[in-house]
Amino acid sequence: MDYLKDKVDNLKIIVFDLDYTLWPFWVDTHVTPPFRTDQNGKVVDAYGQKVKYYPEVPEVLQTLSLMGYTLGIASRTSATEEAEQLLDLFDWNKYFTYKQIYPGCKTTHFNRIHKDSGVRLSQMIFFDDEIRNIRDLKAKGVTSILVKDGVNKRVISEGIKTFVAENNDSE
Ligand SMILES: [Mg+2]
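If you check an unreviewed UniProt entry, the protein appears there as Magnesium-dependent phosphatase 1 from Oppiella nova. In the Catalytic activity (unreviewed entry) part of its UniProt record, the protein is described as follows: "O-phospho-L-tyrosyl-[protein] + H2O = L-tyrosyl-[protein] + phosphate". In the Function (unreviewed entry) part of its UniProt record, the protein is described as follows: "Magnesium-dependent phosphatase which may act as a tyrosine phosphatase."

Given below as structure tokens:
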């Protein structure tokens, strides 16, 4: 099965962390707001430094969204406004139905997504680069995938494969 082509029925929401998961920096410390789009269409920070994302992220978000998955964000950053500004400038807001961006334990973020969507935590998958978040959400029944070098097509495909394996085990 090609997990980037064939949708998994009982997987309803795909949730991403931001820092070191969709982009390679901490938005609260490594870049300087305000951000803007320069004359070449690149997003830059206050010093004119290019603000990057992991290269395959736009394609991944577009593919998953076209496949019919609902997408969400769960970030603990305190730089909520800055993160929101980057999501806007990268033109990624069109992909995300749920955005939970504020400090605290990520179980709070997921409980909110559950409440807003009516989708069970066991029907969600979560990608994050920090082991403590992975542990917290695994304990709640979310298939949680530790991301080492940012999100890319391989990470997603392997992650969904893990979701399918975990779901089969429990049923
Ligand atoms: Mg992170």
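The structure having been displayed, the exposition proceeds.
**Q** How do you make sense of the overall build of the protein when you look at a structure like this?
**A** For the protein, the count of helices and strands is five helices and seven strands. Listing the helices and strands of the protein from first to last along the sequence gives β-β-β-α-β-α-β-α-β-α-β-α. On C-alpha atoms alone, the protein measures out to a radius of gyration of 16 Å, which is about the 16 Å that the 2.2 N^0.38 rule sets for 171 residues. A principal-axis box enclosing the C-alpha atoms of the protein has dimensions of 55 × 35 × 25 Å. Residues classed as buried in the protein amount to 45% of the 171 residues present. For the protein, the computed accessible surface area is about 8800 Å², with 45% contributed by carbon and sulfur atoms. For the protein, the distance from the average position of its 22 positive side-chain charges to the average position of its 25 negative side-chain charges is 2 Å.

**Q** Explanation requested: the coordination of the magnesium ion in the structure shown.
**A** Coordination sphere of the magnesium ion, protein contribution only: Asp17 (OD), Asp19 (O) and Asp129 (OD), at 2.1 to 2.2 Å. Sequence positions of the residues that donate to the magnesium ion give the spacing D-x1-D-x109-D. Here Asp17 and Asp19 have matching classes, each one buried.

**Q** How do you make sense of the packing of aromatic side chains when you look at a structure like this?
**A** Two descriptors summarise a pair of aromatic rings, namely the distance from one centre to the other and the angle between the planes of the rings. One pass over the full model with this rule turns up nine aromatic pairs. Centre to centre, the rings of Tyr20 and Trp26 are 5.9 Å apart; their planes meet at 85 degrees, and the pair counts as edge-to-face. Three or more aromatic residues link up through ring pairs in this structure, and these residues are Trp23, Phe25, Tyr53, Phe90 and Trp92.

**Q** I would appreciate a short explanation of the pairing of strand E7 (residues 143-146) in the present structure.
**A** Residues in a regular strand project their side chains so that they alternate between the two faces of the sheet. Two elements, strand E6 (residues 124-128) and E7, share four bridges in a ladder whose sense is parallel. Looking at the pairing, Asp128 lines up with Leu146 of E7. The β-α-β motif built from E6, the intervening helix H4 (residues 131-138) and the parallel element E7 has right-handed crossover chirality.

**Q** For this particular structure, what's the right way to read helix H1 (residues 57-66)?
**A** Side chains three or four residues apart in an α-helix point the same way, a direct result of the helix having 3.6 residues per turn. Looking at H1, one finds that the buried residues are Val57, Val60, Leu61 and Leu64. Angularly, the buried residues of H1 cover 95 degrees about the axis, an arc narrow enough to put them on a single face. Backbone geometry just downstream of H1 places Gly68 in the positive-phi region, at approximately 105 degrees.

**Q** How should I be thinking about the packing of helix H3 (residues 106-117) against H4 in this particular structure?
**A** A pair of packed helices is captured by two measures, namely the crossing angle of their axes and the spacing between those axes. At a minimum axis distance of 9 Å, the contact between H3 and H4 shows a crossing angle of 45 degrees. In terms of axis orientation, H3 runs oblique to H4. With respect to the hand of their crossing, H3 and H4 are arranged in right-handed fashion. Judged by residue contacts, Lys106, Thr107 and Phe110 of H3 engage Asn133, Asp136 and Leu137 from H4.

So, how was this worked out
Residues numbered from 1 in each chain as written. Predicted model: local features only at pLDDT ≥ 70, side-chain atom pairs only at ≥ 80, totals over all residues. Heavy atoms only, no water. UniProt positions renumbered as here; feature names shortened; annotations may be inferred. Helix = DSSP H or I, 4+ residues; strand = E, 2+ residues; numbered from the N terminus. Rg over C-alpha atoms; globule rule 2.2 N^0.38 Å. Buried < 20%, exposed > 50% of the residue type's maximum accessible area, 1.4 Å probe, protein only. Areas by Shrake-Rupley, 256 points an atom, 1.4 Å probe, with all protein chains shown as cover. Lys, Arg positive; Asp, Glu negative; His and termini not counted. Charge placed at Lys NZ, Arg CZ, Asp CG, Glu CD. Donors = N, O, S within 2.8 Å, 3.2 Å for Na, K, Ca; no water. Phe/Tyr/Trp six-rings, centres within 6.5 Å; stacked < 30°, edge-to-face > 60°. Pairing = 2+ DSSP bridges. Right-handed = clockwise from strand over helix to strand, strands pointing away. Arc of directions from axis to C-beta. Axes fitted to C-alpha atoms, helices over the stretch in contact; angles between N-to-C directions. Parallel < 35°, antiparallel > 145°, perpendicular 65-115°, else oblique. Left-handed = near helix turned anticlockwise from the far one by under 90°. Contact = heavy atoms within 4.5 Å.

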